[in-house]
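Chain by chain, the residues run as shown.
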Amino acid sequence: MLKIIRYNTLVILSVLFLFSCKTEKHQFKNSASKAEIADKAMIVSARSEASRIGAEIMKKGGNAFDAMVATEMALAVSYPFAGNLGGGGFMVYRTADGEVGTLDYREKAPLASSKNMYLDENGEVISEKSTMGALASGVPGTIAGIFKVHKKFGSLPIQELLKPVIALAEKGIVVTQKQQDRLQKYRDVLMQVNEDTILFTKSYKAGDTLKNKALANTLRRIATNGRSEFYGGETGKILLNFLQERGGIITEQDLLKYDAKWRDPVQVQYKDYQIISMPPPSSGGIVLAQILKMIEPYPLNEYAHNSAKYIQVLTEAERRAYADRSFYLGDSDFYEVPQDSLLDSNYLEAKMANFSFEQATSSSAINHGELSNFYESNETTHYSIVDAEGNAVSVTTTLNGAYGSKLYIPELGFFMNNEMNDFSLKPGVPNMFGLIGAEANAIAPEKRMLSSMTPTIIEKDNKLWMVVGSPGGSTIITSVLQTFLNVAEFDLNMQEAVSAKRFHHQWLPDEIMMEPAGFEEKALEELQQKGYKINQSESRIIGKVDAIRVLPNGKLEGGADPRGDDTAVGF
Ligand code: GLY
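Residues numbered from 1 in each chain as written. Predicted model: local features only at pLDDT ≥ 70, side-chain atom pairs only at ≥ 80, totals over all residues. Heavy atoms only, no water.

Draft legend 1. Highlighting the overall build of the chain. A count of helical and extended segments in the chain gives 17 helices and 21 strands. Taking 25 Å as the expected radius of gyration for a compact globule of 571 residues, we find that the chain reaches 23 Å, a close match to that expectation. Overall size of the chain, expressed as C-alpha extent along the three principal axes, is 85 × 60 × 45 Å. When each of the 571 residues of the chain is scored for burial, the buried share is 63%. For the chain, the exposed area adds up to about 21,300 Å²; of that, 50% sits on carbon and sulfur atoms. Treating the 60 positive side-chain charges of the chain as one cloud and the 70 negative ones as another, the clouds have centres 5 Å apart. (Helix = DSSP H or I, 4+ residues; strand = E, 2+ residues; numbered from the N terminus. Rg over C-alpha atoms; globule rule 2.2 N^0.38 Å. Buried < 20%, exposed > 50% of the residue type's maximum accessible area, 1.4 Å probe, protein only. Areas by Shrake-Rupley, 256 points an atom, 1.4 Å probe, with all protein chains shown as cover. Lys, Arg positive; Asp, Glu negative; His and termini not counted. Charge placed at Lys NZ, Arg CZ, Asp CG, Glu CD.)

Now the structure itself:
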């Protein structure tokens, strides 16, 4: 008996010891840590309605690509802040048998666009011209994107995929508290740009139902007439008339010439992991790969999570990678992006050679550019899907700014993008994310503007391991990076990894932006002593990550970002 008691005490003590080690090693503050677990399939998106519709499609026998089509459109209904028909996006996929690829349905500059179209007679940027109103829009790619996905991989008819989405638009979505706050925040500017009230300028309260009959009708026409309804059909014509009456330059020729493109992903090995991400016109894959290769030699899991040392290594790698982004990255159909050189291990090793734990590197020592203190918040939206066969899709889609150009087409029920602002309007002048660009990202007809969207899929031991991505403009890449490292290096579960506080450095401005109230005072003091400028004053969130991890037992573990209304639905 005594032996049994002693044995039990020993077991309890060992468990307590292990538990205390784990909490000490993974000290972090977050608001959600319990991960959703599913046996077969899962979807995580910015809205519960969209996640449910995607999951229902997979329950009916549809695959992850069918679910992508339905979810993309369901987000346009339920999350018009970023979900869209008037914007564009990127998809990274991995089929159950291991084939990987990407689809680029990014917007394109109109045929009538030109390099200096947003400059005044003195050569200065007229900032509102590329952010608000009809001239701010690139040629939308989203409808071309979903049809391209459906044609190659879809298994259910498009009408069946759009049916629950049309019903959602008709019956209405329930306004959440966060949605109420957003609509209130943007009401004045929406009224100003639209010179009138629109569906979204009414005073909604959390719990109200918001119906969008016009969008239901648009989707019904698209379900019946297919892709050409948008690119040449009635919907396209309404869109063109609307924009042209307001000074827009997109023409029928632009819509007819638009096509989405399959592209090879950027792939990089980090320790036991194979990272598969988006190539240009996104900077996401290359910058993520550069940072990962620069930090790989450091024993990150020996530093405490979000400790000064950890933040320092990531910051210095981010500083160096974002400096390259500004000069070398643009649409590879128009500009020869030196991808191999940028990912060359000797090159990256040399870039980190002047890093010392003793003191911050100055961004002016990395390269030159104008300082900016401007950041925008978390527009854009990301969703991750894994189906019962093991197909995975990682999609980030956007209007660029919040409600895009703010220009809403009442007859069609959707907002238009302001993606033209993602071009470098003038070398050295930062865009709305504070990102600085060069010739590689100058405006040219039919060119795609550089993006930071980083939909990513990660393999471990040649098997699907994680599907991850985020909104957040320039902070997307660092949000994806830290979520991956939180699991790979610090053993957090998928939800903890998504919820953990994040930080961001993008070369210029030369400061570490940090989410407020989530970092140890000691770490911040140490960083400041070493010369790092900390910016917590914006009291903002960094990224809104939605991710899925495949557990060793094959179950799926979801991470839905508590910073938004994001929801994981699985079965
Ligand atoms: N419009 C945000 C991005 O593409 O990075």
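Don't stop here, the text continues.
Draft legend 2. Quick look at the site of the ligand. Around the ligand sit 8 residues, and of these N400, E419, D422, S451 and S452 come closest. At 3.0 Å from an oxygen atom of the ligand is found a side-chain nitrogen or oxygen belonging to R106. Residue D422 places a side-chain N or O atom 2.7 Å away from a nitrogen atom belonging to the ligand. Bound to the protein, the ligand loses 99% of the 190 Å² it would expose on its own. Its residues assigned to classes, the shell around the ligand comprises 2 nonpolar, 3 polar and 3 charged. (Near = heavy atom within 4 Å. Polar contact = N/O pair within 3.5 Å; in protein donor to acceptor, adjacent residues only side chain to side chain. Nonpolar A, V, L, I, M, F, W, Y, C, P; charged D, E, K, R; others polar.)

Draft legend 3. Quick peek at the side chain of S130. Structurally, S130 is set in the loop between β4 (100-105) and α4 (142-153). A relative accessible area of 0% places S130 in the buried class. A polar side-chain atom of S130 sits 2.9 Å from a polar atom in the side chain of N421. In this structure S130 touches Y118, A136, N418, M420, N421 and L425, once residues within four positions along its chain are discounted. (Contact = heavy atoms within 4.5 Å.)

Draft legend 4. Region of the structure containing the sheet that holds strand β16 (residues 503-504). Read from one edge to the other, the open sheet built from 3 strands follows the order β16-β17-β18, with strand pairing classed as mixed. Two strands bound the open sheet, and with one partner strand each, they are β16 and β18 (534-535). Across 2 bridges, strand β17 (residues 512-514) lies against β18 in parallel orientation. By the bridge assignment, M513 is partnered in β18 with N535. (Pairing = 2+ DSSP bridges.)

Draft legend 5. Representation of helix α10 (residues 284-295) within the structure. An ideal rise of 1.5 Å per residue puts 16 Å on 12 residues; α10 measures up with 17 Å between its terminal C-alpha atoms. The buried fraction of α10 amounts to 11 of the 12 residues, a majority that puts the element mostly inside the structure. Residues G284, G285, I286, V287, L288, A289, Q290, I291, L292, M294 and I295 constitute the buried set of α10. (Expected span 1.5 Å × (residues − 1).)

Draft legend 6. Representation of the sheet that holds strand β19 (residues 546-550). On the basis of which strands lie adjacent, the open sheet formed by 7 strands has the order β1-β20-β19-β15-β14-β9-β8 and antiparallel pairing. In this open sheet, the two strands that pair with only one neighbour each are β1 (36-38) and β8 (266-270). Direction aside, neighbouring strands of the sheet carry axes that sit 20 degrees apart on average. By the bridge criterion, 5 bridges tie β8 to strand β9 (residues 273-277) in an arrangement that is antiparallel. Counterpart to V268 in the pairing with β9 is I275. Relative to β8, α10 is tilted by about 15 degrees, and along the sheet it contacts β8, β9 and β14 (456-460). Sheet contacts for helix α15 (residues 476-488): β8, β9, β14, β15 (463-468) and β19; angle to β15, the most-contacted strand, approximately 135 degrees. (Axes fitted to C-alpha atoms, helices over the stretch in contact; angles between N-to-C directions.)

Draft legend 7. Broad picture of unusual backbone geometry. For the bond running from P280 to P281, omega is 20 degrees, close enough to zero to count as cis. Looking at the secondary structure, you find P281 in the loop between β9 and α10. Look at N306: it is not a glycine, yet its phi comes out positive at around 55 degrees. Here N306 is to be found in the loop between α10 and α11 (308-328). Given a relative accessible area of 6%, N306 falls into the buried group. With a phi close to 80 degrees, N400 is a non-glycine residue in the positive phi region. With respect to the secondary-structure elements, N400 resides in the loop between β11 (392-398) and β12 (408-409). In this structure N400 comes out as buried when scored by relative accessible area, which is 1%.

Draft legend 8. Quick look at the packing of aromatic side chains. Within this structure, the stated rule accounts for 28 aromatic pairs. Look at Y79 and F81: their rings are 5.7 Å apart centre to centre, the planes differ by 65 degrees, and that puts the pair in the edge-to-face class. By relative accessible area, Y79 is classed as buried at 2%. Measuring from ring centre to ring centre gives 6.2 Å for F230 and F414, while their planes differ by 25 degrees; the resulting arrangement is stacked. Note that F230 is positioned in the loop between α7 (213-225) and α8 (234-245) and F414 in strand β13 (residues 414-415), a separation of 184 residues in sequence. Put simply, the rings of Y79, F81, Y186, F200, Y403, Y408 and F415 pair up and form one aromatic cluster. If you follow K152 out to its NZ or CZ, it ends over the ring of W262, 4.7 Å from the centre. In this arrangement the basic side chain of R246 is found over the ring face of F242, its NZ or CZ atom lying 3.7 Å from the centre. (Phe/Tyr/Trp six-rings, centres within 6.5 Å; stacked < 30°, edge-to-face > 60°. Lys NZ or Arg CZ within 6 Å of the ring centre and 35° of its normal.)

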